[in-house]
Amino acid sequence: MENLVVLTGAGISAESGLKTFRDSDGLWEGYNIADVATPEAWDWNPALVQDFYNMRRKSVLEAKPNAAHYALAKLEEKYKVTIITQNIDDLHERAGSTDVVHLHGIITRSQSSENPNLTYPIDGWELKMGELCELGSQLRAHVVWFGEAVPMIDKAAQLCSQADIFMLIGSSLAVYPAAGLINFVPAYVPKYVIDPKIPSVYGIESMVEIEEKAAIGVPRLVEELLK
Ligand code: NAD
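Residues numbered from 1 in each chain as written. Predicted model: local features only at pLDDT ≥ 70, side-chain atom pairs only at ≥ 80, totals over all residues. Heavy atoms only, no water.

Draft legend 1. Focus on the overall build of the protein. The number of helices and strands found in the protein is seven helices and 11 strands. Against the compact-globule benchmark of 17 Å for 227 residues, the protein has a radius of gyration of 18 Å, which places it among compact chains. C-alpha atoms of the protein, sized along the principal axes, occupy 55 × 30 × 30 Å. Taking all 227 residues of the protein together, the buried fraction comes to 50%. For the protein, contacts bridging at least 24 residues in sequence account for 64% of all contacts bridging at least 6. Roughly 11,100 Å² of accessible area belongs to the protein as shown, and the carbon and sulfur atoms make up 52% of that amount. Of the side-chain charges in the protein, 19 are positive and 31 negative, and the distance between the mean point of each set is 4 Å. (Helix = DSSP H or I, 4+ residues; strand = E, 2+ residues; numbered from the N terminus. Rg over C-alpha atoms; globule rule 2.2 N^0.38 Å. Buried < 20%, exposed > 50% of the residue type's maximum accessible area, 1.4 Å probe, protein only. Contact = heavy atoms within 4.5 Å. Areas by Shrake-Rupley, 256 points an atom, 1.4 Å probe, with all protein chains shown as cover. Lys, Arg positive; Asp, Glu negative; His and termini not counted. Charge placed at Lys NZ, Arg CZ, Asp CG, Glu CD.)

Okay, here's the thing in structure tokens:
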């Protein structure tokens, strides 16, 4: 089976009702990311950060996968599909994809604020101040903040280097190190980019640009790839 590697960003979940942030002037649901998605923000005002992610978790639990998520799951009929997602939602899994690497964590789990390797499922949408990990430190959302290490990046780079077909869906390629992953895909490998606003990339060969929203462009491409 051919290796099909897909890198997804916030855009694939836009039609499920989850907002991207580059599309709204660098704000994420009205918040400046420095105030809610950095270790400094957590040190300064942990209750605000906790609240922000509680709201994001609530929206994720209320959202449903869209046609793009479902189409990617269908690709497993013919390919060995690995999805590398920058998203913290669980819509790929809920659509049926079985191999999903979460580069930036997943909001349905909590994480020790002392040891990032200690993660736990969350019952419902709310993580409260005062809920502690086994080491006795406050639990926070299991997400990678700006300025934190991205532990899965080496694995993701290796997966990209082994791709026979590559897809990039709904990412502005503005957030590093995820944005650099496309450079690990061999030059000759076909690279399909699906985004209503194709991100600018330089020096990348074999790129096919599909300037469409994910819920339209992905099912159409998947149909072609399954022929
Ligand atoms: P981004 O917000 O920087 O870029 C979004 C991209 O999606 C843009 O290129 C935009 O043109 C495209 N887009 C908008 N609507 C689309 C649609 N209907 N179909 C396809 N593409 C569409 O997102 P990013 O590159 O993923 O980086 C943002 C960071 O924010 C990520 O690290 C992610 O962790 C986080 N984030 C996650 C979620 C989520 O989990 N759903 C939502 C917002 C932000």
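Draft legend 2. The arrangement of the side chain of Ser 110 in detail. Mapped onto the elements of the fold, Ser 110 is located in strand β6 (residues 105–112). Residues in contact with Ser 110, not counting those within four places in the same chain, are Leu 118, Thr 119, Tyr 120, Ile 122, Leu 127, Leu 139, Arg 140 and His 142.

Draft legend 3. Fine view of the sheet that holds strand β7 (residues 119–121). Strand order across the open sheet formed by three strands is β7-β6-β8, with antiparallel pairing between neighbours. Only two strands of the sheet have a single partner each, and these edge strands are β7 and β8 (139–143). Here the strands of the sheet are splayed against their neighbours by 50 degrees on average, with no regard to which way each runs. Sheet analysis places β6 next to β7, joined by three bridges and oriented antiparallel. Considered in β7, the bridge of Gln 111 is made with Thr 119. (Pairing = 2+ DSSP bridges. Axes fitted to C-alpha atoms, helices over the stretch in contact; angles between N-to-C directions.)

Draft legend 4. Highlighting helix α7 (residues 214–226). For α7, spanning 13 residues, the distance from its first C-alpha to its last is 17 Å, which sits close to the expected 18 Å at 1.5 Å a residue. Of the residues making up α7, those classed as buried are Ala 214, Gly 217, Val 218, Leu 221, Val 222 and Leu 225. Viewed along the axis of α7, the buried residues span an arc of 125 degrees, placing them on a single side of the element. Summarising the geometry of α7, the exposed residues directed more than 90 degrees from the buried face are Arg 220 and Glu 223. Those residues of α7 that are buried are in contact with β1 (3–8), α4 (67–74), β9 (165–169), β10 (191–194) and β11 (207–210). (Expected span 1.5 Å × (residues − 1). Arc of directions from axis to C-beta.)

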